[in-house]
Amino acid sequence: PTVSFSDDNSLVTATLPTGESITVLLYGATVISWKDSSSSEKFWLSSAAKLDGTKPVRGGIPLIFPVFGPPPPDHAQTSSLPQHGFARTSRWEFLGKSTSESSGNQQTGDLSVKLDFGLSSAANGLDPKAKEAWPYKFNLIYSVTLNRKDLTTSLVVTNDDERPFDCQVLMHTYLKVNDITKVSISGLDNSSYIDKVDAASTKTQSGEIQIEGETDRVYTADGPVTVAEGGKTLYTVTRDNLSNVVVWNPWIEKAKGMGDFEPKDGYKEMLCVEPGSVGGWQTLEKGDAFEGAQTISLGV
Ligand code: BG6
């Protein structure tokens, strides 16, 4: 695998010998592109997404830490933070790459590549507002592993403070689809969810999910989540230690209201399936770590 940097050092691209590639923006450690061997893009990225560090990226995988959504008013530790925290608005450090034979593929000799990124309370790249709003000592390591047919992103949070802190994490993946009206999401049947477009009421999923309007749901579920289009499986998302999945599509009006969402009918070509731990709080004592991961596989 080869790893290259953009001229301004803001982007890291890793390419497998077989042609698959990922591109990660150091701002937010946001994976902004994942291409298969035929250069077909798997992530949706708004054509108006800011990639210059002035705004969280609208597309790819923005990383959410230490709070999901608007900070709850009754949670003092995070109450001064912006929506979705500061991981996605901080400049991360590239820590290096490692290469190995893809797991389970020893016979074919397929290679995989892992890129590691770091952000800590001592880092220069930390969003300056974050230190004041969330004054804890912490360390984050984010690893992005590209195999021929899948991508794994894994976050390790460590508390380096004397005090305990509470946190939530979420990987806000914008999957690319061709036609949202033909998409169905399975794997969440019988799971309970909070419906954010219906006064945050708690409901139970029955059957597959079709997207027919603004959708913003926080599911609690284990097991793989599959995204199919016209009966063909596009993605299977599996999770490790992340008990929630947010399913989000802004649909027409919400897309219009987002200045960085372009084209305006782009909601037809995207679906966010967001693994996270956001139902409550992970409370980490001094020295404790929390690790969560998602793997997105192409097809079944
Ligand atoms: C989702 C939330 O995860 O992120 C939505 O559930 C929110 O409520 C969406 O609108 C996008 O958030 P932002 O801050 O990137 O516009």
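Relevant structure appears above.
Predicted model only: the values in this text are computed from it and were never measured. (Residues numbered from 1 in each chain as written. Predicted model: local features only at pLDDT ≥ 70, side-chain atom pairs only at ≥ 80, totals over all residues. Heavy atoms only, no water.)

**Thoughts on the packing of aromatic side chains**
Alright, step 1. Going through the model one piece at a time under the given rule, you end up with 18 aromatic pairs.
Alright, step 2. Their ring planes at 35° and their centres at 4.7 Å tell us that Y193 and Y219 sit as a pair that is tilted. Of this pair, Y193 sits in strand β13 (residues 192-195) while Y219 sits in strand β16 (residues 215-220), and the two are 26 residues apart along the sequence.
Alright, step 3. In this structure Y193 comes out as buried when scored by relative accessible area, which is 7%.
Alright, step 4. Given a relative accessible area of 0%, Y219 falls into the buried group. (Phe/Tyr/Trp six-rings, centres within 6.5 Å; stacked < 30°, edge-to-face > 60°. Helix = DSSP H or I, 4+ residues; strand = E, 2+ residues; numbered from the N terminus. Buried < 20%, exposed > 50% of the residue type's maximum accessible area, 1.4 Å probe, protein only.)

**Concerning the site of the ligand**
Alright, step 1. Taken together, R58, F68, Q83, H84, R88, H172, K196, D216, V246, W248, K254 and E274 make up the full set of residues near the ligand.
Alright, step 2. Contact between the ligand and K196: an oxygen atom at 3.1 Å from a side-chain N or O atom of the residue.
Alright, step 3. Burial of the ligand by the surrounding chains reaches 87%, relative to a free accessible area of 390 Å².
Alright, step 4. Among the residues forming the shell around the ligand, the class breakdown is three nonpolar, three polar and six charged. (Near = heavy atom within 4 Å. Polar contact = N/O pair within 3.5 Å; in protein donor to acceptor, adjacent residues only side chain to side chain. Areas by Shrake-Rupley, 256 points an atom, 1.4 Å probe, with all protein chains shown as cover. Nonpolar A, V, L, I, M, F, W, Y, C, P; charged D, E, K, R; others polar.)

**With respect to the environment of A14**
Alright, step 1. For A14, the position within the fold is in strand β2 (residues 11-15).
Alright, step 2. Remark: the alpha-carbon pair of A14 and L146, spanning 132 residues in sequence, is separated by 8.3 Å.
Alright, step 3. Each residue touching A14, except ones within four places of it in the same chain, is listed here: T2, V3, E20, S21, I22, V113, L115 and L146. (Contact = heavy atoms within 4.5 Å.)

**Topic: the side chain of D195**
Alright, step 1. Along the chain, the position of D195 falls in strand β13.
Alright, step 2. One polar contact links D195 to K203, side chain to side chain, over a distance of 2.8 Å.
Alright, step 3. In contact with D195, not counting residues within four places along its chain, are A200, S201, K203, D216 and R217.

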